[in-house]
Amino acid sequence: MALIFSTDAAWGQTTKSGFRQKVFVMYHSTNDPRNVSNILNYGFNISKGSHLLLGDGLYVSRDIEKTVRYGPVCFKLLVYLGKTLGVEKWQDPMRKAWQEEYSSAWVPPDCGLGGRKEMTCVKSSAQVRIRPLYQ
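Scoring rules and cut-offs
- Residues numbered from 1 in each chain as written.
- Predicted model: local features only at pLDDT ≥ 70, side-chain atom pairs only at ≥ 80, totals over all residues.
- Heavy atoms only, no water.
- Helix = DSSP H or I, 4+ residues; strand = E, 2+ residues; numbered from the N terminus.
- Contact = heavy atoms within 4.5 Å.
- Areas by Shrake-Rupley, 256 points an atom, 1.4 Å probe, with all protein chains shown as cover.
- Buried < 20%, exposed > 50% of the residue type's maximum accessible area, 1.4 Å probe, protein only.
- Pairing = 2+ DSSP bridges.
- Axes fitted to C-alpha atoms, helices over the stretch in contact; angles between N-to-C directions.
- Salt bridge = Lys/Arg side-chain N within 4 Å of Asp/Glu carboxyl O.
- Phe/Tyr/Trp six-rings, centres within 6.5 Å; stacked < 30°, edge-to-face > 60°.
- Lys NZ or Arg CZ within 6 Å of the ring centre and 35° of its normal.

Thoughts on the overall build of the chain
(1) Moving on: When helices and strands are tallied, the chain shows 2 helices and 8 strands.
(2) Moving on: When the helices and strands of the chain are read in sequence order from the N terminus, they spell out β-β-α-β-α-β-β-β-β-β.
(3) Moving on: Within the chain, residue pairs in contact and separated by at least 24 positions form 63% of the contacts whose partners lie at least 6 positions apart.
(4) Moving on: With the model as given, the accessible surface of the chain reaches about 8,400 Å², and the carbon-plus-sulfur share is 52%.

Written out as structure tokens, the structure reads:
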């Protein structure tokens, strides 16, 4: 059975200048339960390395099924995406160079890059808050 997730923002507002700000419920998993304490106390570390699909950043998804493949411990998050670049091709020159101009990069589902599920890479862990259990 497929899990249903929302593509709608959990919160949003339009600034006086007309910029639309949105926060989404998203997920991030870790394969090492020993990381949980550090994440809760100090926040997420940014993944770094040339092997990463979208370059350096924190990888999240609105689809929990995408994230649970990366480990048994899954965090439910509130994520501010900011200015987002859509990436659909390996050859996109911005695929690993989006951080200077954008706050996040998004790979849509079924485009051939991220598998069948969508994923997002955010530039900074400051864009992410772990969602409290009581919400």
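Structure shown, so let's carry the discussion forward.
Some thoughts on the pairing of strand β4 (residues 73-80)
Side-chain direction in a regular strand flips from residue to residue, so the side chains alternate between the two faces of the sheet.
(1) Moving on: Here β4 shows a clear split, with V73, F75, L77 and V79 buried on one side and none of C74, K76, L78 and Y80 buried on the other.
(2) Moving on: Pairing analysis gives 3 bridges linking β4 to strand β8 (residues 128-130), with the strands arranged antiparallel. By the bridge assignment, L78 is partnered in β8 with R129.

Side note on the sheet that holds strand β7 (residues 119-122)
(1) Moving on: Spatially, the 4 strands line up as an open sheet ordered β3-β7-β6-β5, and their pairing is mixed. Of all the strands in the sheet, the pair left with one neighbour each is β3 (58-60) and β5 (84-86). Strand-to-strand twist in this sheet, taken as the mean axis angle between neighbours without regard to direction, amounts to 25 degrees.
(2) Moving on: Alignment of strand β6 (residues 104-107) against β7, held across 4 bridges, turns out to be antiparallel. Directly across from S104, in β7, lies its bridge partner V122.

Comments concerning the pattern of salt bridges
(1) Moving on: One pass over the structure, following the stated rule, counts 6 salt bridges.
(2) Moving on: With its nearest N and O atoms 3.8 Å apart, the salt bridge here joins K117 to D63. Placement of K117 in the loop between β6 and β7 and of D63 in the loop between β3 and α2 (64-67) is noted, with a sequence separation of 54 residues between them.
(3) Moving on: A relative accessible area of 6% means that D63 is categorised as buried.

Regarding the packing of aromatic side chains
(1) Moving on: This structure, assessed with the given rule, holds 1 aromatic pair.
(2) Moving on: Between the aromatic rings of F44 and F75, the centroid separation amounts to 5.5 Å while the plane-to-plane angle is 85 degrees, which identifies the pairing as edge-to-face. On the criterion of sequence distance, the pair formed by F44 in the loop between α1 (35-42) and β3 and F75 in strand β4 is long-range, its members being 31 residues apart. The same class applies to F44 as to F75, namely buried.
(3) Moving on: Stacked on the ring of F24, the Lys or Arg R62 has its end atom at 5.6 Å from the ring centre.
(4) Moving on: The ring of Y102 has K83 lying over it, and the distance from NZ or CZ to the ring centre is 4.9 Å.

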